[in-house]
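# A closer look at the structure
Spelled out, the chains give:
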Amino acid sequence: MRKLNPDLPADPRRRQILKQSCASVIALTAGPILSACHDSDDLSKMGGLSNIGNIGPLSTTPDANGFLLPEGFTSRVLAITDEQPIATSSYAWHDLPDGGATFVTSNGGWIYVSNSEVDFGGGGVGALEFDADGEMIDAFQLISGTSKNCAGGPTPWDTWLTCEEVPTGTVWETYPLERGMRPAEQRAALGVFQHEAAAVDPATSIVYLTEDQPDGCLYRFIPDNY
C-alpha cells in the first residue's frame, strides 16, 4: 500500500449533499441512450463509451416524484427504508443508502447494489434484482454487520468493493452474481483507515483508494496476483 500526495488537502464540500439521509432509491429510465457501444478494442475492454453527455438539458418542470429530468426520462420509486421493496422477499430496504453500482445478469437483467452508511455495525450492502424488462424480481442483502459503508467500486470481474468509512474501516468484496454461493470477504490488504471509494484499473490491475478525512490521502494497492 502506497500513500500518494500526502500533503494534498481534501475538499470538505465533497459528497455533502449525498450524505443526507435518503429515504428512497430512484430509477431513471430512458432506453439505450446512456451507452453507445463501439467496435474499438480499447472501448470494448472498458465496456463501451458513455453517451450521458448527449442526453440534453433538464426539464424545468418537476415530475410526479419531484425530479427535473431530461426529455424522454421517467422516474419511479424502487425502495423505501424499512419497507420491503418486493413482496416475495422478506428483506427490508436499509437505512442511509449510499454508494452503489449495477451488474448485468445472465438473463439480460441486472442487479443494483447499495451501501448502507449506518455506523456501529449496523451497515452493510443491500441489492435489488431486475429482469430484462426492468421489473423487480428480488431484494436481498449481500453483507451485514459492517460500519458506515460509504462508497466503494465495481471490479472488472463483476464484484462490488464496499468501503467502511470509520477509523478502523476495511474493504469487503461482495459477490452480487454469486449470492448464496459465496459470502463477502474482507480484503485486509487494502488497508485499515477511513475509506471512501475504491477503483480498479483494468489495464494495470492497480486498486486506487481514497480516504474520507480533512487531510485524507490517495492510496494505491499493487497486487502480486491480479
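Residues numbered from 1 in each chain as written. Predicted model: local features only at pLDDT ≥ 70, side-chain atom pairs only at ≥ 80, totals over all residues. Heavy atoms only, no water.

## Regarding the overall build of the protein chain
Assigned secondary structure in the protein chain consists of 1 helix and 16 strands. For the protein chain, the proportion of its 226 residues judged to be buried stands at 39%. The contacts of the protein chain with a sequence gap of at least 6 include a subset with a gap of at least 24, amounting to 45%. Working note: accessible area of the protein chain is about 12700 Å², and carbon and sulfur atoms make up 54% of it. (Helix = DSSP H or I, 4+ residues; strand = E, 2+ residues; numbered from the N terminus. Buried < 20%, exposed > 50% of the residue type's maximum accessible area, 1.4 Å probe, protein only. Contact = heavy atoms within 4.5 Å. Areas by Shrake-Rupley, 256 points an atom, 1.4 Å probe, with all protein chains shown as cover.)

## Observations concerning the nonpolar core
Across soluble globular proteins, nonpolar side chains show a tendency to be buried alongside one another. Leu-161, Cys-163, Val-171, Leu-190, Phe-193, Ala-198, Val-200, Val-207, Leu-209, Cys-217, Tyr-219 and Phe-221 together form the largest nonpolar core, which totals 12 residues. Those elements that place two or more of their residues in this core are strand E11 (160-164), strand E14 (195-200), strand E15 (207-211) and strand E16 (218-221). (Core = buried A, V, L, I, M, F, W, Y, C linked by side-chain atoms within 4.5 Å.)

## Quick word on the side chain of His-195
On the secondary structure map, His-195 appears in strand E14. Under the relative-accessibility criterion, His-195 is labelled buried at 0%. A distance of 3.0 Å separates a polar side-chain atom of His-195 from the backbone oxygen of Gly-191. Ignoring any residue separated from it by four or fewer positions in sequence, one finds His-195 in contact with Cys-163, Glu-164, Glu-165, Gly-169, Thr-170, Val-171, Leu-190, Leu-209, Thr-210 and Asp-212. (Polar contact = N/O pair within 3.5 Å; in protein donor to acceptor, adjacent residues only side chain to side chain.)

## Considering unusual backbone geometry
Glycine aside, residues mostly have negative phi, and peptide bonds are mostly found in the trans state. Phi is positive for Asp-82, close to 70°, though the residue is something other than glycine. In this fold, Asp-82 is placed in the loop between strand E5 (74-80) and strand E6 (97-104). Positive phi is not limited to glycine here, since Ser-205 has a value of about 75°. You can call Ser-205 buried: its relative accessible area is 11%.

## Examining the sheet that holds strand E9 (residues 136-146)
One open sheet holds the 4 strands; their spatial order is E6-E7-E8-E9, and the pairing between them is antiparallel. Both edges of this open sheet fall to E6 and E9, since each of them pairs with a single strand only. Along the sheet, successive strands turn relative to each other by an average axial angle of 15°, direction set aside. Strand direction decides the pairing type here: strand E8 (residues 123-130) and E9, joined by 8 bridges, are antiparallel. Looking at E9, one finds that Gly-124 is bridged to Ser-144. (Pairing = 2+ DSSP bridges. Axes fitted to C-alpha atoms, helices over the stretch in contact; angles between N-to-C directions.)

## Here we look at the sheet that holds E11
To summarise the sheet geometry, strands pair through backbone hydrogen bonds and adopt either a parallel or an antiparallel arrangement. Taken in spatial order, the 4 strands of this open sheet run E10-E11-E12-E13, and their pairing is antiparallel. Looking along the sheet, the strands with just one partner apiece sit at the ends: strand E10 (149-154) and strand E13 (185-187). Direction aside, the axes of adjacent strands within the sheet are offset by 30° on average. Both E11 and strand E12 (residues 171-174) contribute to a ladder of 4 bridges, which runs antiparallel. If you follow Thr-162 over to E12, its bridge partner there is Trp-172.

## Looking at the pairing of E6
Relative to strand E7 (residues 110-116), E6 runs antiparallel, the two sharing 6 bridges. Bridge pairing in E7 places Thr-102 opposite Tyr-112. Between E6 and E7, which pair antiparallel and follow one another directly, the connecting turn spans 5 residues, one of which, Gly-108, has a positive phi of 90°.

## Topic: the confidence of the model for the protein chain
Keep in mind that low pLDDT regions are not for reading the predicted coordinates in detail. A residue-level look at the protein chain finds 79% of positions with pLDDT of 70 or above and a mean pLDDT of 84. With pLDDT under 50 throughout, residues 2-46 is counted as low confidence; its partners more than four residues away or in other chains account for 84 contacts. (pLDDT = per-residue confidence, 0-100.)

## Details of the pattern of salt bridges
A full pass over the atoms with the stated rule returns 7 salt bridges. Note that Glu-185 is salt-bridged to Arg-182, the shortest N-O span being 3.4 Å. Of the residues examined, Glu-185 reaches a relative accessible area of 26% and is grouped as partly exposed. Glu-185 serves as the salt-bridge partner of Arg-187, at 3.4 Å between the closest nitrogen and oxygen. (Salt bridge = Lys/Arg side-chain N within 4 Å of Asp/Glu carboxyl O.)

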